[in-house]
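Single-letter residue listing:
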Amino acid sequence: METRTLTCIRCPRGCAVTVTLEDDGTITSVTGNSCLRGDKYARDEVTHPVRVVTTTVPVEGSATEKMVSVKTAGDVPKDRVFDVVRALTGVTATAPVHTGDVILANAAGTGVDIVATKDA
Amino acid sequence: MSDYDVIVIGGGPAGLAAATTAREDGRRSVLVVERDQKLGGILNQCIHNGFGLITFNEELTGPEYAARYEKLARDAGVEFLLDTMVLDVSPGRVVTCVSEAHGMQHISGGAVVLAMGCRERPRGALNIPGFRPAGVYTAGTAQRLVNIEGLMPGREVVILGSGDIGLIMARRMTLEGAHVACVAELMPYSGGLKRNIVQCLDDFDIPLLLSHTVTRVEGKRRVEAVWVAQVDEKGRPIAGTEKRYLCDTLLLSVGLLPENELSRSAGVELSRVTRGPVVNESLETSIPGIFACGNVLHVHDLVDYVTQEATAAGAAAVRWADACAKHAEHDEKPGIPVVAEGGVRYTVPQSIDPERMPEKLTLRFRVGGVFEDKRICVYLGDERVLSKRRPILVPGEMEEVTLKRDDLLARPAVDKVVVTLEEA
Amino acid sequence: MQDSGFQYDVVIIGAGVSGCATARELAKTNGSVCVLEREDDVCCGTSKANSAIVHAGYDAMTGSLMARLNVEGNALMHELAKKLNFTVKNIGSLVVCTSERDVDGLHELFARGVANGVPDLQVIDRDTLRSMEPNISPSAVGALWAPTAGIVDPFGLNVALAENAATNGVRFVFDAPVMAIERLPQGGYALDTPRGRLTCRCVVNAAGVYADQIHNMVCEDKLKIVPRRGQYMLLDTTAGSHVHHVVFALPSKMGKGVLVSPTIHGNLIVGPTAEDIRDKEGTDTTAAGLSEVAEKCGITVVDVPLREVITSFSGLRAHRAEHEFLIGENPSAPGFVDCSAIESPGLTASPAIGRMVAGIVTDILGLEERPAGEFVETREGIPNMNDLSFEQWGKLCEKNPLYGRVICRCCHVSEAQIVDAIHRPVGARSLDGVKRRTGACMGRCQAGFCTPKIMEALSRELPDVSMENVTKSGPGSEFIEGHAKDAIVEEAHA
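Residues numbered from 1 in each chain as written. Chains lettered and ligands numbered in written order. Predicted model: local features only at pLDDT ≥ 70, side-chain atom pairs only at ≥ 80, totals over all residues. Heavy atoms only, no water.

> What's the story with the domain arrangement of chain C in this structure? I'm lost.
All names here are of chain C. The domain architecture assigned to chain C consists of domain 1 (1–86 + 152–221 + 320–381), domain 2 (93–147 + 226–314) and domain 3 (386–469). Each of domain 1 and domain 3 has a C-alpha centre, and the two are 29 Å apart. Contact with domain 1, which involves 17 residues of that partner, is made by 8 residues of domain 3. The contact between domain 1 and domain 3 buries some 1000 Å² in all, and 54% of this surface belongs to carbon and sulfur atoms. Considering only the surface of domain 1 that becomes buried against domain 3, D41, F155 and E163 emerge as the three largest contributors, covering 44% of it. The residue R437 makes a salt bridge to D41 at a minimum N-O spacing of 2.7 Å. Scanning the region where domain 1 abuts domain 3 turns up 7 residue pairs in polar contact (both at pLDDT 80 or more). (Domains from an automatic or database assignment. Contact = heavy atoms within 4.5 Å. Buried area = accessible area lost by both parts, 1.4 Å probe. Salt bridge = Lys/Arg side-chain N within 4 Å of Asp/Glu carboxyl O. Polar contact = N/O pair within 3.5 Å; in protein donor to acceptor, adjacent residues only side chain to side chain.)

Written out as structure tokens, the structure is:
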């Protein structure tokens, strides 16, 4: 048996969540969370931690913007975060860009798209 | 006759929410004056996610949150003056502003809502000894350079202060290829949200040095190194603990200050604690008809709470405009003072008129230190009406309690509301 | 007049106030003049970081050059400010005595001032003092009141002198430290700089803390200039009216004290320390120095709101042991004119220093005054929006809408002013250059908001400047270290 205490990052409350695991890794309990997001976060974090990545890429042809902000459309494995960023080097968006447009599909083979978070 | 029923100064999240609410039923004309070319304020450069869980029930990035609110405001019929700098607000609610498009203008408002936001405390305020080279930036300036311009302010970075923008920039700089050597925090606790320590520092093995400060900046033209030392309980560097970090950049995230130059020129009374206006339950300042909300009132951690507060200010501004239209008498009797005690540093609002307060009123406050296992208690006179247990309270996280109008109306003799911390 | 074989009649080393005042005076003659400056702009050394006081002239020893040029410079300053459109305010100064034992010192100072020719001096009593300065220390017993003292915008003065000199034909070369000076066999000098070799008939050494190095390259006698560091703190404009006059402490057993004064930009300045150091580039502040200033300002003034500090800085005075200006042609080096050891009250004295040095050079070279009407005597400054009425600002916007685009929100500096600062003669090429000419970045946010916008203006307006290579204060002080993800690309290639 192992217990791990995590700070939940799913909302600004930052709940201290305690996860109890069997020796084989089976989760037996999650406590301290205030909501279901916290439960999911804790389970993910001890088995396969994930993150949303936000960054920017240059945009060409926009009258107002030099860069367009982007995010992963969903969670990617935490240990692939830098791969996702590396996959974006050399990527340039072309105006017009709309929020939600896919800037790079299946980033670094994670199966997750990179989408724009603003218009440009 | 005023030019607009409500003028909102600032088109960031506070201004947009106040204006949208003021305009909601379409009766009142509402103008937002914004100094930037676009709406959304500082959210535009906050490209990270984590915004909007309360307001929109989903996790948005800053630009997405700004765009959503801009749409709400535009759909409601709010008018905008962009790229326009407000130079003065008179106690009679005449706004003087200047822009490339219109030159100098006087615009009068029935009500004025102050929503100018805050600015970062600069290096000078810290009196860090050493040179004054290029390479020392506030975290927000660096954020703009990286996220809006796509330019790196440096490659090898030390961050002083663990405010949220500093933590966020530790991650941003790292993701863009820089190396962040450490985050030094003068206090024995972080100034930012716990989750930002986890996802911005821990995830990237960036050390957070609590009770540390920068004691010297080296490099005449560009930063070449900074010295970081441990401090004693009074915040004084401890001799012999200094360590030199070779770096080209020092980012500062050492506090945010409400930007109240215009409030001051209007004659609005400011709190020495929050550095924002002193307001009543309607978020009205000491000058009748001038309201305040968001970071100009007191610095918030979360945009969602800014939105809530600004919504209340917008509604109050409309009530004022309605009363003006009816030439109704404005009841200016002083409210019941709200007193912050026992570790509570301040409250917003600072006074309450029970007759004018909404059915439920949110009191927001911060504590002055780290407190473990306490109760937040509210007294009406001598009677405790609220008590809630909190395992930990820290200065970096804003707290709130809700007061019920009925509780106050039922106790007409109450002459003060006390918010305090007690042993659990 | 340009003799054959020489590029210039006069080369002035140093574009501080002394060098630029001399250049402007020489521009009234038929001589050709070049100013060499080691930094990227005018006003980068001692002239930049000082108390910015127009001293009345009671301090220096009677009969000294310092005393004479101080009083003369004080008298010239206001007329010059009108002609060249920079700001001087005659707020007067108080030398405050905080002990009955030291009152004699006050009378000594009074007598010296009178002997130096300082007008309208007065020793005032405690009550008068308190009515003039409510925040004066309760232990104050009296003061020397000098109504002719004041405050000046040191950048404004220096830039105005340089611009007007340039308008009248003086050439400025920046990033050009003088590395060697050769005395030519036919007379005159050749100066080596990284920007090339220049020849001239006459050299003016206005090199500030480096004046000894320059002097010693050609003169038989050796000069030693000690950089005397002064540390200051600058407080927000909210503290600007804590005192209304320049408040000095009368030197006493307690030490020398520091001054507390409003500045021309509405801030409050406290300082300086006086530390003799070795490093001629040692403009860093120290913890000890800053706490000394914090402590000493309380000797004369109570409750200085030190939590309103917005920045601190150090300046180096070009001090020599004799504590006297060194002005004149060196006997061992004909045509080599020192304008050296210009420490306080050098800023005040600068208009008089310029006249004196130019006079010496004129005599050596036999220069003649230019025909009437050729010399442009006045200079139009960059407008300061804070001085304008609603209507005046509005009119400017009609002329140029960019006056309506406010870039520096703390100090209300518009884009038009910034563009103007860049395109003027001897224009700004760096952020600090813009700052010195417009007052942008000097407010409470200390350039936090406007840095990217001013960078943009510099890169847009100057053909050889891009966002990537904009500097704070010349080469080596670039703001930017490449583009986002550059390091990741490099790592992938490595």
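> Can you help me understand the pattern of salt bridges in this one?
Two side chains of opposite charge can pair, provided their charged atoms sit close to one another. A full pass over the atoms with the stated rule returns 77 salt bridges over all chains. As a salt-bridge pair, E490(C) and R155(B) come within 2.9 Å of each other at their nearest N and O atoms. Within this pair, whereas E490(C) is found in helix α13 (residues 486–493), its partner R155(B) is found in the loop between α3 (139–149) and β11 (156–160), the two belonging to separate chains. For E490(C), a relative accessible area of 43% puts it in the partly exposed group. For R155(B), a relative accessible area of 25% gives the class partly exposed. A salt bridge links K485(C) to E176(B); the shortest N-O distance between them is 3.2 Å. Note that K485(C) is positioned in the loop between α12 (451–461) and α13 and E176(B) in the loop between α4 (164–175) and β12 (179–185), a pairing that runs across two chains. For the pair K485(C) and E176(B), a shared accessibility class is recorded, and that class is buried. One salt-bridge network, held together by shared partners, links D83(B), E100(B), R405(C), E415(C), R460(C) and E461(C). (Helix = DSSP H or I, 4+ residues; strand = E, 2+ residues; numbered from the N terminus. Buried < 20%, exposed > 50% of the residue type's maximum accessible area, 1.4 Å probe, protein only.)

> Sorry, what's going on with helix α5 (residues 154–167) of chain C here?
For an α-helix, 3.6 residues make a turn, and residues three or four places apart therefore share a direction. Residue and element names in this part refer to chain C. Compared with an ideal rise of 1.5 Å per residue, which puts 14 residues at 20 Å, α5 spans 20 Å between its outermost C-alpha atoms and is within 8% of the ideal. Taken across its 14 residues, α5 has 12 buried, putting it largely inside the fold. Among the residues of α5, P154, F155, G156, L157, N158, V159, A160, L161, A162, E163, N164 and A165 are the ones counted as buried. The inward-facing, buried residues of α5 abut α1 (17–26), α2 (65–84), β8 (150–152), β9 (171–173), α8 (346–365) and α11 (431–438). (Expected span 1.5 Å × (residues − 1).)

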